[in-house]
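Residues per chain, in single letters:
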Amino acid sequence: MNSSLSTAGLDRRAFFRGSAIAAFAVFGSGSLAACSSAVGEQRSDAGESVEPVRGGTLTLAIPDDVSPAALLTSTTVAGVTISGLVYETLTRYPLDSVVPQPVLAKAWKLSDDGLTLTLNLRDDVTFHSGRRFTSADAEFSLRTYADPKFSAQLRSTAAAITGFDSSDPNTLVLTLAHRTGNIFDLLDLAPIFDPETFDKAVTGESFVGTGPFVFTSRTPNSSISFDRNPNYWVAERPYLDHVEARIVPDAQARLTSLKSGQVSLVAPASLPFRDSQSLAKTSGFVTTSIEGAELQIYLGANVTADGLTDVRARKALAYAIDRDRIMSEVYRDTGYAVNLPWPKSSPAYDAAKNSIYTRDVGKARTLVGELGALPTIPLTYTGASPDFEAAAQIVQANLAEAGIRVELDPVEASIFVKQLIGAEFKGLWLTNHTFAQYVPSTLTVSAYPFNAAHNASKFSSPAYSAAAEGAWQVPDGSSDEAKKLYAELGTQLLNELFLIEIGVVVPQVSAAETVRGLGWTKGRQPQFANTFLA
């Protein structure tokens, strides 16, 4: 059975509904309803709500172990899982918009000049240690997120906060260096840490937050366990007593574990799409599409590498790739081909620009002919994902038809992440990126592949940097002013092609039908406060 967590086909204005107004409004107190609205919830086969059942252990399979050094990077499923279960954020977006909803901040107001944000915090929240959450903890967490040593992708936005006033334990006042249109993206993504135990979090020894589940133990490369938080600030939640994340690196083993009942859930986008769709037709299982948490598969290029320095070579790549085949065969038509990174729901989406590079082997061959013989170019991808391997093989065959020789270079996921963050790829790489489902400017000032200041392609351009900076400082991400700058960013991306987009993919998650009330954030963090076993 297929089900959807939100309405598909949102128009651009609906997606960014109230993004500027919300930033200037004062919201009411947070509540369970407010928290629930930020995620999608699973229903029974008949579509009706099911009475929640208390107790039990939810066991899920994840593909990797947590890398403590990457806790703030959103690059490992284990890290995302811990963030969703143990930690909370100040605000959170629903899946279908970028209108912030209350979590640990219950109300806020942005000054008329856009330079001061006042956050009123909940006074009934405690850390798992028993200590009360205060504004000083929020300040510590935002300062930590801005620390370069943690390589957080929204670090530039956190660094734009130049002043903190946490003198009132229930109020945090932030002073911004300039107008920052994606400040609520930061508040949605930055976990609130316990300063007294943070040193243990960065070593992987312990994780202490305010969330619905308490970290209890970790066996490296085997499992991570969590217990119900008995003092959670949302009354009567969570329903589950325990959550156990089992680390299963092999995708076939994850599928077997789910089918055999060893686990009852596989983390989003951790099964080949073919298998997820097969499970959707299998009695006893449910596959759900997480609309609003899109991923984009792309081909990256180190513009300083042999064979890739001339933009004509990168244009040849863009013409040679059979996007439709990749989206059909690998991603099973769960998304759509694109030339630019933003999904259809984004105000930065431009249908005309997204059809500039369609498969044209003749054009690709002509460009290669102009350049002369090209060297064999390595194409790196993480071998831990069958979908990446299948897509890389199609790309290799496509490029061969155009006269471009590619050598496949599968690496472990940890090595791939290191190369991505450190801009260490030897030629091409294939993976997916996120953040395009947030305020559009976040992508080009934050994400490792796109960051105008420092990116994995080693690309720099005054025009691209100016457009990225300008879009970032527009307070209303859906305004005409912002859209003009997004259009310029799109032009720069298509002219330079240091990244070659392939398609937008809607993540899927498969589970036993007995698992109810599943929820996810835009960043695919699990929200299991309302989850139960029927």
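Predicted, not measured: the structure shown is a model, and the values here were computed from it.

Next up on the list: the packing of helix 11 (residues 311-320) against helix 13 (residues 361-371). Axis separation between helix 11 and helix 13 bottoms out at 8 Å; the angle between their running directions is 160 degrees. With respect to their mutual orientation, helix 11 and helix 13 come out roughly antiparallel. When you trace helix 11 past helix 13, the crossing you get is left-handed. For the pair helix 11 and helix 13, the contacting residues are R312, A313, K315, A316, Y319 and A320 in the first and V361, K363, A364, L367, V368, E370 and L371 in the second.

Moving on, we get to the confidence of the model for the protein chain. Taken residue by residue, the protein chain gives an average pLDDT of 91. The fraction at 70 or more is 91%. Scored below 50 in pLDDT, residues 1-46 shows 133 contacts in the model against residues more than four places distant or in partner chains.

Once that is clear, we can look at the sheet that holds strand 8 (residues 171-176). The four strands are arranged 5-6-8-7 in an open sheet whose pairing can be described as antiparallel. Each edge of the open sheet carries a strand with a single partner, namely strand 5 (105-110) and strand 7 (161-165). With direction set aside, neighbouring strand axes in the sheet form an average angle of 20 degrees. Note that strand 6 (residues 116-121) and strand 8 share five bridges and pair antiparallel. Bridge pairing in strand 8 places T116 opposite T175. Here helix 5 (residues 135-145) sits on the sheet and contacts strand 6, strand 7 and strand 8; the angle it forms with strand 8, its principal contact strand, is near 30 degrees.

A separate point is helix 17 (residues 462-472). Residues of helix 17 that are buried: Y464, A467, A468, A471 and W472. Down the axis, helix 17 shows its buried residues gathered within 130 degrees of arc, on one side only. Lining the buried residues of helix 17 we find helix 6 (155-159), helix 16 (441-446) and helix 18 (480-496).

Another aspect to go through is the nonpolar core. Grouped together as the largest cluster of nonpolar side chains are 148 residues, with contacts concentrated most on L90, L119, L142, F226, L428 and L430. For this core, the element with the most residues is helix 14 (residues 386-401), which contributes six residues. With near-sequence residues (within four places) excluded, F226 lies in contact with I82, L85, V86, F213, V214, F215, T216, D241, H242, V243 and A245. Listed in part, the nine residues of the second largest apolar core include V248, L255, L258 and L271.

Right, let's talk about the environment of G422 for a bit. Along the chain, the position of G422 falls in helix 15 (residues 413-422). It is 9.9 Å that separates the C-alpha atoms of G422 and S151, two residues lying 271 residues apart in sequence.

Glancing now at the side chain of E88. Along the chain, the position of E88 falls in the loop between helix 4 (77-86) and strand 3 (91-92). Of the buried charged residues, E88 lacks a salt bridge, with R92 as the closest side chain of opposite charge at 5.4 Å. A polar contact of 2.7 Å, which involves the side chain of E88, links it to the side chain of T210. Contacts of E88, omitting those with residues within four sequence positions, involve V103, L104, A190, P191, I192, T210, G211, Y232 and W233.

In this section: the packing of helix 17 against helix 18. Packed helices, taken two at a time, are described by the angle their axes make and the gap between the axes. Following both chains from N to C, one finds helix 17 and helix 18 inclined at 150 degrees, their axes separated by 9 Å at the closest point. Relative to helix 18, the element helix 17 is oriented roughly antiparallel. Every pair of crossing elements has a handedness; the one defined by helix 17 and helix 18 is left-handed. Here A463, Y464, A467, A468, G470 and A471 of helix 17 come into contact with helix 18, specifically with L485, Y486, E488, L489, Q492 and L493.

For the rest of this paragraph, the subject is helix 5. Burial analysis of helix 5 places eight of its eleven residues in the buried class, which makes it a mostly covered element. Every buried residue of helix 5 is listed here: S135, D137, A138, E139, S141, L142, T144 and Y145. Against strand 6, helix 6, strand 7, strand 8, helix 7 (183-189) and helix 8 (198-201) lie the buried residues of helix 5.

All right, on to the packing of aromatic side chains then. Applying the stated criterion to the full structure yields 21 aromatic pairs. Aromatic pair F127 and F133: ring centres 6.3 Å apart, planes at 75 degrees, arrangement edge-to-face. For the pair shown, F127 and F133 are each scored as buried. With centroids separated by 4.5 Å and ring planes inclined at 15 degrees, the aromatic side chains of F425 and W429 adopt a geometry described as stacked. F425 sits in the buried class, given a relative accessible area of 2%. Taking relative accessible area as the criterion, W429 reaches 0% and is therefore assigned buried. An aromatic cluster of three or more residues is present, and its members are Y87, F140, F150, F193 and F198. A cation over a ring is seen here: K344 above Y336, with NZ or CZ 4.4 Å from the ring centre.

What counts as what
Residues numbered from 1 in each chain as written. Predicted model: local features only at pLDDT ≥ 70, side-chain atom pairs only at ≥ 80, totals over all residues. Heavy atoms only, no water. Axes fitted to C-alpha atoms, helices over the stretch in contact; angles between N-to-C directions. Helix = DSSP H or I, 4+ residues; strand = E, 2+ residues; numbered from the N terminus. Parallel < 35°, antiparallel > 145°, perpendicular 65-115°, else oblique. Left-handed = near helix turned anticlockwise from the far one by under 90°. Contact = heavy atoms within 4.5 Å. pLDDT = per-residue confidence, 0-100. Pairing = 2+ DSSP bridges. Buried < 20%, exposed > 50% of the residue type's maximum accessible area, 1.4 Å probe, protein only. Arc of directions from axis to C-beta. Core = buried A, V, L, I, M, F, W, Y, C linked by side-chain atoms within 4.5 Å. Lys, Arg positive; Asp, Glu negative; His and termini not counted. Salt bridge = Lys/Arg side-chain N within 4 Å of Asp/Glu carboxyl O. Polar contact = N/O pair within 3.5 Å; in protein donor to acceptor, adjacent residues only side chain to side chain. Phe/Tyr/Trp six-rings, centres within 6.5 Å; stacked < 30°, edge-to-face > 60°. Lys NZ or Arg CZ within 6 Å of the ring centre and 35° of its normal.

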